[in-house]
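Read off the chains here:
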Amino acid sequence: MKTLYDVQQLLKKFGIYVYVGKRLWDIELMALELDHLHQSHAIDDQIFIKARLVLTREHHLEEEREKEKSGGEKFE
């Protein structure tokens, strides 16, 4: 599991489709759904950890993109 698409496909196997409209929110909701699957023992630890790492990386990258879009941090 290496990409956000891979995580989406994993969730899709359980009938979970995530689309909120904002990529950052989609990633956060996918993380919550993944947590629920793991807590209910629907997925094992290894898959959970790999998927969580992908989501963490994508969340960080998306935050960076949003900062760049807004012109970065503004100091006053």
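If you're wondering where the values come from, they're calculated on a predicted model, not measured in any experiment.

As a further point, take the overall build of the protein chain. Check the secondary structure of the protein chain and you find three helices and zero strands. Along the chain direction, N to C, the helices and strands of the protein chain fall in the order α-α-α. Dimensions of the protein chain, computed from C-alpha atoms along their principal axes, come out at roughly 50 × 25 × 20 Å. Residues classed as buried in the protein chain amount to 29% of the 76 residues present. For the protein chain, contacts bridging at least 24 residues in sequence account for 54% of all contacts bridging at least 6. Accessible surface for the protein chain amounts to roughly 5600 Å². Of this, 54% is attributable to carbon and sulfur atoms. Of the side chains in the protein chain, 12 bear a positive and 15 a negative charge, and the two mean positions are spaced by 5 Å.

It is worth spelling out the packing of helix 2 (residues 23-39) against helix 3 (residues 45-69) at this point. At a minimum axis separation of 9 Å, helix 2 and helix 3 run at an interaxial angle of 165°. The angle between the axes of helix 2 and helix 3 places the two elements in the roughly antiparallel class. In the packing of helix 2 onto helix 3, the handedness of the crossing is left-handed. Side by side, helix 2 and helix 3 meet where Arg23, Leu24, Ile27, Glu28, Met30, Ala31, Leu34, Asp35 and His38 of the first sit next to Asp45, Phe48, Ala51, Arg52, Leu55, Glu58, His59, Glu62, Glu63, Arg65 and Glu66 of the second. Partitioning the contact of helix 2 with helix 3 into residue classes produces eight nonpolar, two polar and ten charged.

What follows covers the side chain of Glu62. Structurally, Glu62 can be placed in helix 3. You can call Glu62 buried: its relative accessible area is 11%. There is a polar contact of 2.6 Å between the side chain of Glu62 and the side chain of Arg65.

The next thing to look at is unusual backbone geometry. For His41, which is not glycine, the phi torsion reads 65° and is therefore positive. Mapped onto the secondary structure, His41 falls in the loop between helix 2 and helix 3.

The next thing to look at is the nonpolar core. Of all hydrophobic cores here, the largest spans 16 residues; its most connected members are Val7, Leu11, Met30, Leu34, Ile43 and Leu55. Elements with a minimum of two residues in this core: helix 1 (4-13), helix 2 and helix 3. With five residues, helix 2 is the single largest residue contributor to this core. Those residues in contact with Leu34 that sit more than four places away from it in its chain are Leu10, Leu11, Ile43, Phe48, Ala51, Arg52 and Leu55.

Definitions and limits used
- Residues numbered from 1 in each chain as written.
- Predicted model: local features only at pLDDT ≥ 70, side-chain atom pairs only at ≥ 80, totals over all residues.
- Heavy atoms only, no water.
- Helix = DSSP H or I, 4+ residues; strand = E, 2+ residues; numbered from the N terminus.
- Buried < 20%, exposed > 50% of the residue type's maximum accessible area, 1.4 Å probe, protein only.
- Contact = heavy atoms within 4.5 Å.
- Areas by Shrake-Rupley, 256 points an atom, 1.4 Å probe, with all protein chains shown as cover.
- Lys, Arg positive; Asp, Glu negative; His and termini not counted.
- Charge placed at Lys NZ, Arg CZ, Asp CG, Glu CD.
- Axes fitted to C-alpha atoms, helices over the stretch in contact; angles between N-to-C directions.
- Parallel < 35°, antiparallel > 145°, perpendicular 65-115°, else oblique.
- Left-handed = near helix turned anticlockwise from the far one by under 90°.
- Nonpolar A, V, L, I, M, F, W, Y, C, P; charged D, E, K, R; others polar.
- Polar contact = N/O pair within 3.5 Å; in protein donor to acceptor, adjacent residues only side chain to side chain.
- Core = buried A, V, L, I, M, F, W, Y, C linked by side-chain atoms within 4.5 Å.

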